[in-house]
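# Chains, contacts and geometry: an overview
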Amino acid sequence: MGFYEKCSIMDEMPLAYCVIELVFDEDGHGVDFIFRYCNKEMAVVEGVPVEEMLNRSFYEVFRNGDRKWLVSYADVALNGTKHTLKDFSPEIGKGLTIYCYQPEPGFCACVLLPE
């Protein structure tokens, strides 16, 4: 049982929240991430049911997904840094502010605020 399963306390939070596990290539570069936890609001913000995101890779769920945030997510997962990302998300057609922190090494937790 992963720590992210303890996140159920966030299920009803009125802000989109997810925990992602980073996937790295043999050179240590972040190449993808897997949704390990998504609260109900994630489905509203992303426009995809939670069941279709959980335990799936971002690029499996969003086939034309932008890779611009991977470096920041990897930095959080590897180094425990915190990032605030603000940019347009072509996957959902909205601007997003994403607050990221490391809940456990190898993972990045995100709070997503659509504009």
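Check the entry above for the structure.
Reading the values: rules and limits
Residues numbered from 1 in each chain as written. Predicted model: local features only at pLDDT ≥ 70, side-chain atom pairs only at ≥ 80, totals over all residues. Heavy atoms only, no water. Helix = DSSP H or I, 4+ residues; strand = E, 2+ residues; numbered from the N terminus. Rg over C-alpha atoms; globule rule 2.2 N^0.38 Å. Buried < 20%, exposed > 50% of the residue type's maximum accessible area, 1.4 Å probe, protein only. Contact = heavy atoms within 4.5 Å. Areas by Shrake-Rupley, 256 points an atom, 1.4 Å probe, with all protein chains shown as cover. Lys, Arg positive; Asp, Glu negative; His and termini not counted. Charge placed at Lys NZ, Arg CZ, Asp CG, Glu CD. Pairing = 2+ DSSP bridges. Salt bridge = Lys/Arg side-chain N within 4 Å of Asp/Glu carboxyl O.

## Quick word on the overall build of the chain
In terms of helices and strands, the chain carries four helices and five strands. Ordering the α and β elements of the chain from the N terminus gives β-β-α-α-α-α-β-β-β. Taking 115 residues into account, the globule formula puts the C-alpha radius of gyration at 13 Å, and the chain, at 13 Å, falls close to it. Looking at the chain as a whole, 44% of its 115 residues are labelled buried. Long-range contacts, defined as pairs at least 24 residues apart, comprise 44% of the intrachain contacts of the chain with a sequence gap of at least 6. About 6200 Å² of surface is accessible on the chain, with carbon and sulfur atoms providing 52% of the total. Charge-centre separation for the chain: the mean point of 10 positive side chains lies 3 Å from the mean point of 19 negative side chains.

## Overview of the pairing of strand β4 (residues 94-101)
Here strand β3 (residues 83-89) runs beside β4; their pairing, made up of seven bridges, is antiparallel. Across the sheet, Lys86 pairs through a bridge with Thr97, a residue of β4. Where β3 folds back on β4, the antiparallel hairpin that results is connected by four residues, among which Gly93 adopts a positive phi of roughly 70°. Relative to strand β5 (residues 107-114), β4 runs antiparallel, the two sharing six bridges. Considered in β5, the bridge of Tyr101 is made with Ala109. Adjacent in sequence and paired antiparallel, β4 and β5 are bridged by five residues, among which Gly106 carries a positive phi angle near 90°.

## Focus on the pattern of salt bridges
One pass over the structure, following the stated rule, counts six salt bridges. Note that Lys68 is salt-bridged to Asp87, the shortest N-O span being 3.5 Å. Taken together, the residues span a long stretch of sequence, with Lys68 in the loop between α3 (58-61) and α4 (70-79) and Asp87 in strand β3 at a distance of 19 residues. Taking the relative accessible area as the measure of exposure, Lys68 reaches 32% and is therefore partly exposed. Take Asp87: its relative accessible area is 34%, and that puts it in the partly exposed class. A salt bridge links Lys86 to Glu115; the nearest nitrogen and oxygen atoms lie 3.5 Å apart. Of this pair, Lys86 sits in strand β3 while Glu115 sits in the segment after β5, and the two are 29 residues apart along the sequence. Side by side, Lys86 and Glu115 carry an identical accessibility label, which is exposed. Beyond isolated ion pairs, a larger network of salt bridges with shared partners links Asp66, Lys68 and Asp87.

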